[in-house]
Amino acid sequence: MLTTSSTSSAEVDPMTMRRTMGRFATGVAVVTTRAAGVPHGMTVNSLTSVSLDPPLLLVCLTTGARSTDAVVEAGRFAVNILSARQEQLALRFARRGEDHFAGLEVTEGRHRVPVIPDAFAHLECDVERHLIAGDHVVVFGHVRSVCERDGEPLAFHGGRFADLADRANEPVHWFF
Ligand SMILES: Cc1cc2nc3c(=O)[nH]c(=O)nc-3n(C[C@H](O)[C@H](O)[C@H](O)COP(=O)(O)O)c2cc1C
């Protein structure tokens with residue numbers, strides 16, 4: 001039998017939520033777009049694969065970020081998945097209020113969004129839909145093109161960057 005427990009948001013404060021969710025290890029990506037001719041980008045770890053057919057993903061973007069409005073306005077974006085060597089890029093795109101693209105080489109993707117050329121992978125998307133959930137906007141992307149490179153991913157866990165290089169030679173397991 002399913003049991004449910006009810007917890008009001010007043011009982012779980014934002015820092016507790018962030019710390020506890022930090023136990024869920026993720027990769028790290030930079031969402032990029034261009035709105036009114038201006039490039040925007042922000043570091044995210046809320047990236048989730050949603051559907052294989054059609055190919056859909058989602059990212060949760062804070063309502064306070066410049067990039068959030070830019071993604072919705074542009075109607076398209078790229079997800080640049082970072083490699084283990086790209087921690088500095090993750091930090092660059094997480095600093096609020098800075099020109100994230102100053103001195104950075106970016107290329108034009110196939111779908112008119114800026115992409116980070118040496119990212120571990122990138123997926124270019126049209127915004128399929130978006131919805132406001134609490135203090136974030138959940139943006140669903142319909143993936144239009146992908147590009148992958150060899151290497152190791154950058155990981156994030158417990159508020160720290162990590163890499164998975166020591167497991168690179170282990171066999172691949174498919175769980176679904
Ligand atoms: C590892 C990491 C993961 C992050 N993940 C997210 C995320 O999934 N969603 C989000 O809104 N902000 C996330 N942030 C914070 C944004 O990167 C940060 O607020 C960014 O500067 C906002 O961009 P802006 O300059 O367009 O406001 C993350 C930061 C780090 C370091």
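Residues numbered from 1 in each chain as written. Predicted model: local features only at pLDDT ≥ 70, side-chain atom pairs only at ≥ 80, totals over all residues. Heavy atoms only, no water.

Looking at the overall build of the chain
- Scanning the chain from terminus to terminus reveals three helices and twelve strands.
- In terms of overall size, the chain behaves like a compact globule, its C-alpha atoms giving a radius of gyration of 17 Å where 176 residues would be expected to give roughly 16 Å.
- Along the longest, intermediate and shortest principal axes, the C-alpha atoms of the chain span 50 × 40 × 35 Å.
- Here the chain holds 176 residues, and 34% of them are scored as buried.
- Put simply, 63% of the contacts in the chain that link residues at least 6 apart link residues at least 24 apart.
- As displayed, the chain offers around 11,400 Å² of accessible surface, 54% of which is attributable to carbon and sulfur atoms.
- Here the chain contributes 17 positively and 21 negatively charged side chains, and the mean placements of these two sets differ by 3 Å. (Helix = DSSP H or I, 4+ residues; strand = E, 2+ residues; numbered from the N terminus. Rg over C-alpha atoms; globule rule 2.2 N^0.38 Å. Buried < 20%, exposed > 50% of the residue type's maximum accessible area, 1.4 Å probe, protein only. Contact = heavy atoms within 4.5 Å. Areas by Shrake-Rupley, 256 points an atom, 1.4 Å probe, with all protein chains shown as cover. Lys, Arg positive; Asp, Glu negative; His and termini not counted. Charge placed at Lys NZ, Arg CZ, Asp CG, Glu CD.)

A look at the packing of aromatic side chains
- In total, this model carries two aromatic pairs according to the counting rule given.
- Considering the side-chain rings of Phe 93 and Phe 101, the 5.2 Å spacing of their centres and the 80 degrees angle between planes classify their relative orientation as edge-to-face. An identical accessibility class is assigned to Phe 93 and Phe 101; each is buried.
- Between Phe 156 and Phe 161 the ring centres are 5.3 Å apart and the planes differ by 55 degrees, which places this aromatic pair in the tilted class.
- Given the relative accessible area of 24%, Phe 156 is considered partly exposed.
- We classify Phe 161 as partly exposed; its relative accessible area is 25%. (Phe/Tyr/Trp six-rings, centres within 6.5 Å; stacked < 30°, edge-to-face > 60°.)

As for the pattern of salt bridges
- The final tally for this structure, using the stated rule, is three salt bridges.
- For Arg 144, the salt bridge identified is with Asp 126, shortest N-O distance 2.8 Å. Of this pair, Arg 144 sits in strand β10 (residues 136–148) while Asp 126 sits in strand β9 (residues 121–133); the two residues are 18 residues apart in sequence, bridging distant segments of the chain.
- Here Asp 126 falls in the partly exposed class, since its relative accessible area comes to 24%. (Salt bridge = Lys/Arg side-chain N within 4 Å of Asp/Glu carboxyl O.)

Focus on the environment of Thr 48
- Within the element layout of this structure, Thr 48 appears in strand β4 (residues 48–51).
- For the pair formed by Thr 48 and Leu 82, sequence separation is 34 residues and the distance between their alpha carbons is 15 Å.
- Look past the residues within four positions of Thr 48 in its chain and what remains in contact with it is Leu 57 and Leu 58.

Examining the UniProt feature "domain: Flavin reductase like" (unreviewed entry) in the chain
- As recorded in UniProt, the sites labelled "domain: Flavin reductase like" (unreviewed entry) are residues 21–163.
- When the span residues 21–163 is considered, its composition is 11% helix and 50% strand, and the gap between its end C-alpha atoms is 18 Å. (UniProt positions renumbered as here; feature names shortened; annotations may be inferred.)

Description of the confidence of the model for the chain
- Looking at the chain as a whole, the pLDDT averages 91, with 91% of positions reaching at least 70.
- Contacts from residues 1–5, a stretch scored under 50 in pLDDT, to residues over four places away or in other chains number zero contacts. (pLDDT = per-residue confidence, 0-100.)

Focus on helix α1 (residues 14–21)
- Within α1, only zero of the eight residues are buried, which leaves it mostly out in the open.
- For α1, the N-terminal capping position is held by Asp 13, with its side-chain oxygen 3.1 Å away from the main-chain nitrogen of Met 15. (Polar contact = N/O pair within 3.5 Å; in protein donor to acceptor, adjacent residues only side chain to side chain.)

Overview of the site of the ligand
- Around the ligand there are 19 residues in total, and Thr 43, Ser 46, Thr 62, Arg 66 and Ser 67 lie nearest to it.
- Within the contact set of the ligand, an oxygen atom lies 2.7 Å away from a side-chain nitrogen or oxygen of Ser 46.
- Contact with the protein chains covers 85% of the free accessible surface of the ligand, which is 640 Å².
- Looking at the shell around the ligand, the elements that each hand over two or more residues are β3 (38–44), β5 (56–62) and α2 (66–74).
- A breakdown of the residues in the shell around the ligand according to their chemical character gives eight nonpolar, eight polar and three charged. (Near = heavy atom within 4 Å. Nonpolar A, V, L, I, M, F, W, Y, C, P; charged D, E, K, R; others polar.)

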